[in-house]
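# An overview of the molecular structure
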Amino acid sequence: MQQSILRLLGLLAVSALAACGGQPPTQSAPLAPVAGYEALDDNGFHIEAVDPALLQEGRARTEVDYTADDAPGTIVVDTFSRKLYLVMEGGRALRYGIAVGREGLGFKGTGTIQRKVEWPSWQPTANMIRTRPDLYAEFAGGLPGGLENPLGARALYLYRGGRDTYFRIHGTIQNESIGHATSAGCIRLFNQDAIDLFNRTDIGTKVKVRTLDESLAIEGPYMDDAWGRAVPETPENVAQRDKDLLTISQQEAAKAQEEERAAAAAEKQAAKAEKKRLAVCRNKGISAEDCPFDQG
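Predicted model, so just to flag it, every value in this text is computed and none were measured.

### Re the sheet that holds strand β10 (residues 163-170)
- Pairing within the open sheet is mixed, and its 10 strands lie in the order β3-β6-β5-β4-β12-β8-β9-β10-β11-β7. The sheet is open, and its two borders are formed by β3 (62-65) and β7 (99-100), each paired with just one other strand.
- Relative to strand β9 (residues 154-160), strand β8 (residues 109-118) is paired through 6 bridges, and the arrangement is antiparallel. Looking at the pairing, Glu 118 lines up with Arg 154 of β9.

This is the structure in structure tokens:
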């Protein structure tokens, strides 16, 4: 089971970043921990601190002005700008960075939170099992909550008309996915953010998922940068994306050339070793067919 879970996590990590075009450049020096995203122990589990580099460009929890007309207490999800808002009094809101999975794209409109679970268990849907039995079939009975569970530390379950919509707002074990569109999951937050939102949310809380027209009217147009993260579609960001894509392409070409040179060198070395092996056998009167590979 442990190997199966590790394989599942590995495949989920690949799917989460498959369209990201590589990894963003790393910081030249470690950044100081960000308040609210430090490591913490929760219900017997140790949650690692969030890498500060992942909290840049609006992905950290922040109180902001809120200009839309949603009522205080409402959770508003914008899958296009990949933001989640908890609306507050006085034209303010808490903004969280999110990742949006395929299941998260299938819901628009409103619903209410009718379940809240700490360290939730996870069970793939029938559709997930049907389309990817190699990945999900053995988890049909469910995966208990914990550090290896895709739902992370907390989950909020959205209902509409008294029925489960299968739309979830939950934590994640893949911090690098925040800001991205992923191939699996609903609405992911950093575990620290999932715990914060969970603690601020009551059963019956209204959730609104914006349409594209609503997102454009309030947030303006968004686009993916060179690494697949949602950023405002501005001339500056378009130019930066094109520059970064060129850099990534050049880096990938240089890496491919280096791998080709390394493979050629290894092939040459192997040929040289093979020639030496056969020469040793020939000097000993051993035929090539009977020549041992171990000359020791």
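### Some thoughts on the nonpolar core
- Of all hydrophobic cores here, the largest spans 21 residues; its most connected members are Ile 75, Val 77, Leu 84, Ile 169, Ile 187 and Leu 197.
- Of all the secondary-structure elements, those providing two or more residues to this core are β4 (75-78), β5 (83-87), β6 (92-97), β9, β10, α4 (191-200) and β12 (206-209).
- Take this core: its biggest share by element is 3 residues, from α4.
- Membership of the second largest hydrophobic core comes to 11 residues, among which are Val 117, Trp 122, Ala 155 and Tyr 159.

### Comments concerning helix α6 (residues 235-283)
- Here α6 is 49 residues long and its end C-alpha atoms lie 72 Å apart, about the 72 Å a rise of 1.5 Å per residue gives.
- Taken residue by residue, α6 has Asp 244, Ile 248, Arg 277 and Cys 281 as its buried positions.
- Positive phi shows up at Gly 285, right after α6, with a value of about 75°.

### A short note on the confidence of the model for the chain
- In the predicted model, the chain carries a mean pLDDT of 87, and 86% of its residues have values of at least 70.
- Below a pLDDT of 50 lies the segment residues 13-22, which in the model reaches 22 contacts outside its immediate sequence neighbourhood of four places, other chains included.

### Concerning the packing of aromatic side chains
- All chains considered together, the criterion is met by 5 aromatic pairs.
- Relative to Phe 190, the ring of Tyr 37 has its centre 5.8 Å away and its plane inclined at 80°; by these criteria the two rings are edge-to-face. With Tyr 37 in the loop between α1 (2-17) and β1 (40-42) and Phe 190 in the loop between β11 (187-188) and α4, this pair connects stretches of sequence that are 153 residues apart. Judged on exposure class, the residue Tyr 37 and its partner Phe 190 are both buried.
- Taken together, Trp 122, Tyr 136 and Phe 139 form an aromatic cluster joined through their ring pairs.
- A cation over a ring is seen here: Lys 116 above Phe 198, with NZ or CZ 4.3 Å from the ring centre.
- The aromatic ring of Phe 293 is capped on one face by Arg 277, whose charged end is 4.1 Å from the ring centroid.

Cut-off values and rules
- Residues numbered from 1 in each chain as written.
- Predicted model: local features only at pLDDT ≥ 70, side-chain atom pairs only at ≥ 80, totals over all residues.
- Heavy atoms only, no water.
- Pairing = 2+ DSSP bridges.
- Helix = DSSP H or I, 4+ residues; strand = E, 2+ residues; numbered from the N terminus.
- Core = buried A, V, L, I, M, F, W, Y, C linked by side-chain atoms within 4.5 Å.
- Buried < 20%, exposed > 50% of the residue type's maximum accessible area, 1.4 Å probe, protein only.
- Expected span 1.5 Å × (residues − 1).
- pLDDT = per-residue confidence, 0-100.
- Contact = heavy atoms within 4.5 Å.
- Phe/Tyr/Trp six-rings, centres within 6.5 Å; stacked < 30°, edge-to-face > 60°.
- Lys NZ or Arg CZ within 6 Å of the ring centre and 35° of its normal.

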